[in-house]
Amino acid sequence: MVRRALLPAFVLTFAVAGLGAARPAAFKWPPWLSVEAPVNPFDATARDAVFLVHAAVREGRTSVGDITASAEGLVNGKRQSMPLRVIDTGRPDTYAVRRQWPSEGTWLVRVTLLRHTTVLVTMARDGNVASVTVPTTRSAEGMPLPRTVAARDIDTMLAAAAAQP
């Protein structure tokens, strides 16, 4: 009698576990970036940061070596570009960007994760974050997928920011 009671529970468990194998493979999402601003001024790991970057990958963790950044500017009508140092905050997948570009002109910061996903952060004249965008395209299912950022994307954003009062 004990055996009969255990058998249906075992069969039910095996059948439910087997359902997972019949499901289609999980969607493999691309790396993603998000920006946190304003930064908590009481957080010693992010002291003096203009903004924090949160990196997300499907499997594992990121490192500061997976992130590249540059300041893209329009100063006196001339385009400028300079590499930026990204600082590891010591928190998983969280990095700080401090101001390393001149105060003159109009600037945006380009941060790229694994040469695949890019976030563009437009800076306001007061030095704060004005806007954040991850350029995307839509998949066949309607999901936003990061796309390659072209020079014209940056030029358009800089021109729009420069036109702001």
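Residues numbered from 1 in each chain as written. Predicted model: local features only at pLDDT ≥ 70, side-chain atom pairs only at ≥ 80, totals over all residues. Heavy atoms only, no water.

A closer look at the overall build of the protein
No. 1: Across its full length, the protein holds two helices and 11 strands.
No. 2: Helices (α) and strands (β) of the protein occur, in sequence order from the N terminus, as α-β-β-β-β-β-β-β-β-β-β-β-α.
No. 3: Taking all 165 residues of the protein together, the buried fraction comes to 34%.
No. 4: For the protein, restricting intrachain contacts to residue pairs at least 6 apart in sequence, the fraction spanning at least 24 positions comes to 56%. (Helix = DSSP H or I, 4+ residues; strand = E, 2+ residues; numbered from the N terminus. Buried < 20%, exposed > 50% of the residue type's maximum accessible area, 1.4 Å probe, protein only. Contact = heavy atoms within 4.5 Å.)

So, the pairing of strand E3 (residues 67-75)
No. 1: Within E3, seven of the nine residues are buried, which leaves the element mostly enclosed by the surrounding structure.
No. 2: Sheet analysis places E3 next to strand E7 (residues 106-113), joined by eight bridges and oriented antiparallel. Within E7, the residue paired with alanine 69 across the bridge is valine 111.
No. 3: Here seven bridges tie E3 to strand E4 (residues 78-84), and the two strands are oriented antiparallel to one another. Each bridged residue has a counterpart across the sheet, and for leucine 74 the counterpart in E4 is arginine 79.
No. 4: Counting the residues in the hairpin turn of E3 and E4 gives two residues, including asparagine 76, whose phi is positive at 50°. (Pairing = 2+ DSSP bridges.)

Looking at the nonpolar core
No. 1: Among the nonpolar cores identified, the biggest contains 23 residues, and Leu33, Phe51, Ile67, Trp101, Val109 and Val111 are the most heavily contacted of them.
No. 2: Mapped onto this core, the elements with two or more residues apiece are strand E2 (49-56), E3, strand E6 (94-98), E7 and strand E8 (117-123). (Core = buried A, V, L, I, M, F, W, Y, C linked by side-chain atoms within 4.5 Å.)

Notes on the pairing of E2
No. 1: Most of E2 is tucked away: six of the eight residues are buried.
No. 2: Two strands pair when backbone bridges link them, and strand E1 (residues 32-36) and E2 are joined in this way by five bridges, in the antiparallel orientation. Residue pairing for E2: valine 35 is matched across the bridge by valine 53.
No. 3: Bridge count for E2 against E6 is five bridges, and the pairing is antiparallel. The partner of valine 53 across the bridge, within E6, is tyrosine 95.

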